[in-house]
Amino acid sequence: MTCEFEYLMHLLGAAATGTTPQPPKKPICWERIFALAKEQHIVPLIALACQRSDALGCPADLLQQQTKTLLSRVLSERVRRGFMVDILSKMEQAGIRSYMVKGAVAARNYAAPEYRISSDTDICIDPAQEEEACRWLHNYGFSVTPRWRNGHHSVARYPRMGALEVHIRLYDEIAQDVWFKAIPESTLLAEPLQDIVTSDGIFHTLGPTDHLIFMALHMIKHFISSGMSLRMMMDVALHFIKNKDSLDTDRFWSVIESLHYTPLMRGILWATITYCGLSAEDFPGLAPCPQEHIQRILSDIEEGGWLGHNDMEQRAQSGLDYNRELMLRQLSPWRYRIYLFKWRHGLSLRTFFPKREQLLPRYPWLQRHKWLLPAAWFHRLIFHGRTAIKKESKVDNAATSPRLELFRSLEML
């Protein structure tokens, strides 16, 4: 972990908690600080922290460059959240009940919620109402991309308002089948929904412990699949702190322990304590953690960037190999291959025959000539299909990578 990444975490902690950051103790490159902030999608929060003190040494011209569009982004986020809350209210009036997770719910725990900017809104609905919800959103003006067969959410986009992900379940098929097979759903979702009252209206969300479990497992899912982010870590830590008096921490740690994620979860929370300035007293049930675990987790985040995008192909392969090792402990090799074939069938359809809306950035002529969609599929198959097949076939090859070794060192395997 570089000194810039370490100081970035200090600035993030200050922005999240509304405190004044301290000047860096080591020489740092401020251009690198903001480059890392951009990778982690936290530029507004880091700029906000830098504005709170003139003693940090941040060059004025660099800070001005970072903040010149900040106000408009913050106002746009405020408008977007209000729009989405209004949409959920209208859907409920039409008989389609939903609850919101992550994103705007997590942002409420920040000292300046509007600076925790999201690109989408996640809601969960009754699977029986999926078709009705997608139809309602389409009629309202959203462009709706239905979920693929093995997926767990559709995506609805509205001009200038971002995406609304409509989940029929909180976890995708691989997570349910491989990770959570031994845990009853009643353990993961045991609390009644909460009503959140805002100036824009009322929306529903998970109970505090259910939401903590969901956000933690969602973060860990990304960590395994390709990589997590500093913002995910802060979301979980702040939710823990803001709700500590109403959390069933015994249930939380029991779920994490049963999935063999305790060393990872401890490392994440201790990272926010060590580098973001949070207090260990705010995390009931948190046991000590080796410094080596913290360093390896943070180095993985810095090297990978936002959700591992700096090295997505290699990291995605590590996630597939992790799933493979877990599944082979539960299934015989031939049953594993049958399961994977069935699962990949849906993946292949999505990979090779995406919706027209997904192809518009690469094939803008589809906007006017919808009838040419098969031609776009053919072109994409010829020039990109071989790569896609290669990526899918890699799942059958056992691999030893630095990330798999990281998983083993954290006792996840």
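None of the values given here were measured: they were computed from a predicted structure. (Residues numbered from 1 in each chain as written. Predicted model: local features only at pLDDT ≥ 70, side-chain atom pairs only at ≥ 80, totals over all residues. Heavy atoms only, no water.)

Asker: Looking at this model, I keep getting lost on the packing of aromatic side chains. Mind explaining?
Answerer: Each aromatic ring pair is specified by the distance between its two centres and by the angle formed by the two planes. Considering all chains together, one arrives at 12 aromatic pairs under this definition. Here the aromatic rings of phenylalanine 83 and tyrosine 158 are separated by 4.9 Å at their centres, their planes lie at 40 degrees, and the arrangement is tilted. Taken together, the positions of phenylalanine 83 in helix H5 (residues 70–93) and tyrosine 158 in strand S4 (residues 153–158) put the pair 75 residues apart, joining distant regions of the chain. Ring pairs connect the aromatic residues Phe83, Trp136, Tyr140, Phe142 and Tyr158, which therefore count as one cluster. Positioned above the aromatic ring of phenylalanine 223, the side-chain terminus of arginine 403 is 5.3 Å from the ring centre. (Phe/Tyr/Trp six-rings, centres within 6.5 Å; stacked < 30°, edge-to-face > 60°. Helix = DSSP H or I, 4+ residues; strand = E, 2+ residues; numbered from the N terminus. Lys NZ or Arg CZ within 6 Å of the ring centre and 35° of its normal.)

Asker: Would you mind showing me how to read the pairing of strand S5 (residues 162–167) here?
Answerer: A large share of S5 lies buried, amounting to five of its six residues. Relative to S5, strand S2 (residues 120–125) is paired through five bridges, and the arrangement is parallel. By the bridge assignment for S5, aspartate 122 is matched with glutamate 165. With six bridges joining them, S4 and S5 adopt antiparallel strand pairing. What sits directly across from valine 155, in S5, is glutamate 165. (Buried < 20%, exposed > 50% of the residue type's maximum accessible area, 1.4 Å probe, protein only. Pairing = 2+ DSSP bridges.)

Asker: Got a minute to help me understand the packing of helix H1 (residues 3–17) against helix H11 (residues 230–242) in this structure?
Answerer: To characterise two packed helices, one gives the angle between the axes of the helices and the distance between these axes. Orientation of H1 relative to H11, taken along the N-to-C sense of each, is 40 degrees, at an axis distance of 11 Å. It follows from the interaxial angle that H1 and H11 lie oblique. Handedness of the H1/H11 crossing: right-handed. Where H1 abuts H11, its residues Phe5, Leu8, Met9, Leu12, Gly13, Ala16 and Thr17 lie against Leu230, Met233, Met234 and Leu238. A breakdown of the residues in the contact of H1 with H11 according to their chemical character gives nine nonpolar, two polar and no charged. (Axes fitted to C-alpha atoms, helices over the stretch in contact; angles between N-to-C directions. Parallel < 35°, antiparallel > 145°, perpendicular 65-115°, else oblique. Left-handed = near helix turned anticlockwise from the far one by under 90°. Contact = heavy atoms within 4.5 Å. Nonpolar A, V, L, I, M, F, W, Y, C, P; charged D, E, K, R; others polar.)

Asker: Explanation requested: the pairing of strand S6 (residues 194–198) in the structure shown.
Answerer: The two faces of a sheet get side chains in turn, since along a regular strand they alternate between them. Taken together, the five bridges between S6 and strand S7 (residues 201–205) define a ladder with antiparallel strand orientation. Within S7, the residue paired with valine 197 across the bridge is isoleucine 202. Here S6 folds back onto S7, and the loop between the two strands holds two residues.

Asker: Help me out: how do you make sense of helix H7 (residues 130–140) in this one?
Answerer: Residues lying three or four places apart along an α-helix face the same way, a consequence of the helix completing one turn every 3.6 residues. Those residues of H7 lying buried are Glu130, Ala133, Cys134, Trp136 and Leu137. In a view along the axis of H7, the buried residues occupy a sector of 160 degrees, so they form one face of it. Looking at H7, the residues exposed on the side facing more than 90 degrees away from the buried face are Glu131, His138 and Asn139. Each element contacted by the buried residues of H7 is listed here: H5, S2, strand S3 (143–145), S4 and S5. Glycine 141 sits one or two positions beyond H7 and adopts a positive phi of about 125 degrees. (Arc of directions from axis to C-beta.)

Asker: Got a minute to help me understand the nonpolar core in this structure?
Answerer: Across soluble globular proteins, nonpolar side chains show a tendency to be buried alongside one another. Counting 91 residues, the largest nonpolar core has Trp30, Ile46, Met228, Met233 and Met265 as its most contacted members. It is helix H10 (residues 208–225) that contributes the most residues to this core, 10 residues altogether. Dropping the residues within four chain positions of it, tryptophan 30 is found in contact with Tyr7, Leu11, Cys50, Leu56, Gly57, Cys58, Pro59 and Leu62. Membership of the second largest hydrophobic core comes to 24 residues, among which are Met84, Ile96, Met100 and Ala133. (Core = buried A, V, L, I, M, F, W, Y, C linked by side-chain atoms within 4.5 Å.)

Asker: Would you explain the confidence of the model for the chain in this entry?
Answerer: Close inspection of predicted coordinates is inappropriate in any region flagged by low pLDDT. Summary statistics for the chain give a mean pLDDT of 86 and a share of 85% for residues scoring 70 or more. Taken as a whole, residues 385–400 scores under 50 in pLDDT and shows 34 contacts with residues more than four places along the chain or in a different chain. (pLDDT = per-residue confidence, 0-100.)

Asker: What's the story with the side chain of arginine 231 in this structure? I'm lost.
Answerer: Along the polypeptide, arginine 231 turns up in helix H11. With no salt bridge to any partner, buried arginine 231 finds its closest opposite charge in aspartate 235, at an N-O distance of 4.7 Å. One polar contact links the side chain of arginine 231 to the main-chain carbonyl oxygen of isoleucine 117, over a distance of 2.5 Å. Other than its neighbours up to four places away in sequence, arginine 231 contacts His41, Ile42, Tyr110, Arg116, Ile117, Ser118 and Trp306. (Lys, Arg positive; Asp, Glu negative; His and termini not counted. Salt bridge = Lys/Arg side-chain N within 4 Å of Asp/Glu carboxyl O. Polar contact = N/O pair within 3.5 Å; in protein donor to acceptor, adjacent residues only side chain to side chain.)

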